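# Examining the three-dimensional arrangement
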Amino acid sequence: MLRLLSRFFSNDIAIDLGTANTLIYVRDKGIVLDEPSIVAVQTGLPGGKNKILAVGTEAKKMQGRAPRNIEIVRPMKDGVIADFNITERMLGVLMRKATQGRSLVPPCVVICVPGGSTQVERKAIRDSAFAAGASSVHLIEEPMAAALGAGLPIEETAGSMIVDIGGGTTEIGILSLGGMAYSDSVRAGGDAFDESIVHYLRRNRGILIGEATAEDLKKKIGSAYGHDTMTALRIKGRDLAEGTPKSVAVTSDEIREALSEPLNQIVRAVRLALEQAPPELAGDIADRGIMLTGGGALLQGMDTLLADATGLPVGIADQPLNCVAYGAGKALDYIGKWDAVFAENP
């Protein structure tokens with residue numbers, strides 16, 4: 001009875017705490033929040049104190065336009081916490097926003113962690129969630145959450161393989177009997193794609209662009225696999241030789257070349273996972289193929305690249321951007337029933 005009352009008066013939540021975006025799933029409501037993992041901090045206050053001015057979407061609007069006393073902080077790096085204090089405060093704001101301050105009982109929280117994260121990194125994530133107001137915290141590895149969200153039959157004896165290409169990391173998992181048979185985390189994802197585009201244009205075209213422009217190039221003309229039609233996009237940046245604004249046309253072939261290194265990292269990690277898989281599970285994967293989730297799955301030709309590199313069928317999940325959050329939300333119903341789903345319990 002107490003458990004039922006607690007569930008009625010609380011808003012149990014699942015959090016996909018990503019490098020680029022934080023998504024929050026509320027039990028019985030679905031995904032109620034999807035905001036950038038960005039915080040605007042006012043610095044230089046009396047006593048050396050800092051003040052949080054904005055979190056999420058409002059903070060992102062200030063990016064690239066803020067005065068010197070306002071610092072735009074991304075507290076998550078490569079899928080793990082880079083700034084504990086800012087992450088704690090960001091989580092608190094977003095959790096209150098997601099529950100609209102109506103929760104009478106502190107929520108039970110399921111929160112995602114990279115498959116390759118260390119115990120220290122996992123403790124930092126748990127501590128941040130507790131400090132933000134959670135009553136209990138259950139950690140779930142991102143490949144497991146992605147598989148649940150994509151609807152893979154994780155409880156079957158046959159193996160399934162998931163590749164989740166997020167903002168900071170690419171998570172690779174092989175699952176069977178409701179647990180992880182193999183997991184790995186590669187620090188190559190959407191942010192690495194953007195950085196590679198910035199570096200390529202600086203080195204080869206002598207022009208400096210910002211992260212937003214790089215992301216725009218990636219989304220509009222970026223691709224992971226060669227195709228016959230070449231497209232181009234005109235962008236604006238700063239000429240490094242003259243120091244003046246400059247407009248140039250960038251081709252899809254250039255962007256594909258710029259993306260080659262982080263894409264090769266992902267391909268190598270997927271091949272390694274297949275090499276490490278037990279023979280029986282490898283046979284299952286040969287039949288079932290690989291499921292792609294995450295924002296990186298939307299890069300044109302990503303499925304073709306991995307299919308060509310592995311010789312296996314590769315599919316893209318429905319709503320790949322939300323799979324991890326949906327899967328973490330489904331995991332709320334596994335608490336106390338199927339502990340193998342979780343990486344760590346309270």
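The following paragraphs examine the structure supplied in this document. (Residues numbered from 1 in each chain as written. Predicted model: local features only at pLDDT ≥ 70, side-chain atom pairs only at ≥ 80, totals over all residues. Heavy atoms only, no water.)

### Things to note about the overall build of the protein chain
Definition in use: Under the DSSP-based scheme used, a helix requires at least four consecutive residues in state H or I and a strand at least two consecutive residues in state E, with every element numbered from the N terminus. Throughout, the radius of gyration refers to the C-alpha atoms, and the reference size of a globule is 2.2 Å times the residue count to the power 0.38. We call a residue buried when its accessible area falls under 20% of the maximum for its residue type, exposed when it is over 50%, and partly exposed in between, using a 1.4 Å probe and counting protein chains only. We call two residues contacting when some pair of their heavy atoms lies within 4.5 Å. The method behind every accessible area is Shrake-Rupley, applied with a 1.4 Å probe, and residues are considered shielded solely by the protein chains displayed. In this tally, Lys and Arg are treated as positive and Asp and Glu as negative; His is ignored, and so are the chain termini. Think of each charge as sitting on NZ of Lys, CZ of Arg, CG of Asp or CD of Glu.
When helices and strands are tallied, the protein chain shows 12 helices and 18 strands. Whereas a compact globule of 346 residues would reach a radius of gyration of roughly 20 Å, the protein chain reaches 21 Å, a difference of no more than 12%. Seen through its principal axes, the protein chain has C-alpha atoms that stretch 70 × 65 × 30 Å. With 346 residues in all, the protein chain has 51% of them scored as buried. For the protein chain, the share of sequence-separated contacts (at least 6 apart) that also reach a separation of at least 24 residues comes to 62%. A total of about 16,100 Å² of accessible surface is found on the protein chain, and carbon and sulfur atoms cover 50% of it. Counting 36 positive and 42 negative side-chain charges, the protein chain places the averaged centre of each group 9 Å from the other.

### Notes on the sheet that holds strand E3 (residues 30-36)
Going by this rule: By this definition, two strands are paired if DSSP reports at least two bridges between them. With axes taken as lines fitted to C-alpha atoms, and helix axes fitted only over the stretch in contact, angles between N-to-C directions fall between 0 and 180 degrees.
A sheet is described by the order of its strands in space; here 5 strands give the open sequence E3-E2-E1-E9-E10, paired in mixed fashion. The open sheet has two free edges, formed respectively by E3 and strand E10 (136-141), since each of these has just one partner strand. Ignoring which end each strand starts from, the neighbouring axes of this sheet average 20 degrees apart. Note that strand E1 (residues 13-17) and strand E2 (residues 21-26) share 5 bridges and pair antiparallel. Looking at the pairing, Asp16 lines up with Leu23 of E2.

### Things to note about the packing of aromatic side chains
Stated formally: For Phe, Tyr and Trp, where Trp contributes only its six-membered ring, two rings pair if their centres lie within 6.5 Å, and the inter-plane angle classes them as stacked under 30 degrees, edge-to-face over 60, or tilted in between.
Scanning all chains against the criterion turns up 1 aromatic pair. Ring centres 6.3 Å apart and planes at 80 degrees place the aromatic pair Tyr25 and Tyr326 in the edge-to-face group. Residue Tyr25 is found in strand E2, and its partner Tyr326 is found in helix H12 (residues 323-331); the two are separated by 301 residues along the sequence.

### Notes on the sheet that holds strand E15 (residues 232-239)
Across the sheet, which stays open at both edges, the 3 strands sit in the order E14-E15-E16 with antiparallel pairing between neighbours. The outermost strands of the open sheet, each flanked by one partner alone, are strand E14 (207-208) and strand E16 (245-251). Inspection of the sheet shows E14 paired to E15 by 2 bridges, in the antiparallel sense. Following the sheet pairing, Ile207 is matched in E15 by Asp239.

### As for the nonpolar core
The test is simple: For this analysis, a nonpolar core means a set of buried residues of the types Ala, Val, Leu, Ile, Met, Phe, Trp, Tyr and Cys, connected via side-chain atoms within 4.5 Å.
Counting residues in hydrophobic clusters, the biggest one holds 45 residues, and the most contacted among them are Met161, Ile197, Leu201, Leu217 and Met302. By residue number, the principal contributor to this core is helix H9 (residues 260-276), which donates 6 residues. Once residues lying within four places of it in the same chain are set aside, the contact partners of Leu201 are Gly206, Ile207, Ile209, Leu217, Ile235 and Val250. Ranked by size, the runner-up nonpolar core spans 27 residues in total, among them Ile15, Leu94, Val109 and Leu139.

### Section: unusual backbone geometry
Located in the positive-phi region is Asp28, a residue other than glycine, with phi close to 70 degrees. Within the element layout of this structure, Asp28 appears in the loop between E2 and E3. Taking the relative accessible area as the measure of exposure, Asp28 reaches 68% and is therefore exposed. If you check the backbone angles, Gln319 has positive phi at about 50 degrees while not being a glycine. Relative to the helices and strands, Gln319 is located in the loop between strand E18 (314-316) and H12.

### Remarks on the side chain of Asp16
Our working definition: We define a salt bridge as a contact between a side-chain nitrogen of Lys or Arg and a carboxyl oxygen of Asp or Glu at a distance within 4 Å.
Among the secondary structure elements, Asp16 is positioned in strand E1. The buried charged residue Asp16 lacks any salt bridge, with Arg74 as its nearest oppositely charged partner at 12 Å. If we skip the residues at most four places from it in the chain, Asp16 touches Asn21, Thr22, Leu23, Cys112, Val324 and Ala325.

### What to know about the pairing of strand E4 (residues 39-42)
Alternating residues of E4 divide into Val39 and Val41 and Ala40 and Gln42, and every residue in both groups is buried. Bridge count between E4 and strand E5 (residues 51-55): 4 bridges; the pairing is antiparallel. Note on E5: the bridge partner recorded for Val41 is Ile52.

### Here we look at the packing of helix H6 (residues 190-204) against H9
Put simply, the test is: Amino acids outside the nonpolar list (Ala, Val, Leu, Ile, Met, Phe, Trp, Tyr, Cys, Pro) and the charged list (Asp, Glu, Lys, Arg) are all regarded as polar, and Gly is one of them.
Where H6 contacts H9, the axes come no closer than 8 Å and their chain directions differ by 150 degrees. Contact with H6, carried on its side by Ala192, Phe193 and Ser196, involves Pro262, Leu263 and Ile266 of H9 and no other residues of that element. Taken together, the residues of the contact of H6 with H9 sort by class into 5 nonpolar, 1 polar and no charged.

### Side note on the environment of Pro107
With respect to the helices, strands and loops of the structure, Pro107 is situated in the loop between helix H3 (84-99) and strand E9 (108-113). Residue class for Pro107 comes out buried when judged on its relative accessible area of 9%. Sequence spacing of Pro107 and Ile81 is 26 residues, and the spatial spacing of their C-alpha atoms is 21 Å. Setting aside anything within four residues of it in sequence, one finds Pro107 in contact with Asn11, Asp12, Ile13, Met95, Gly133, Ala134, Ser135 and Ser136.

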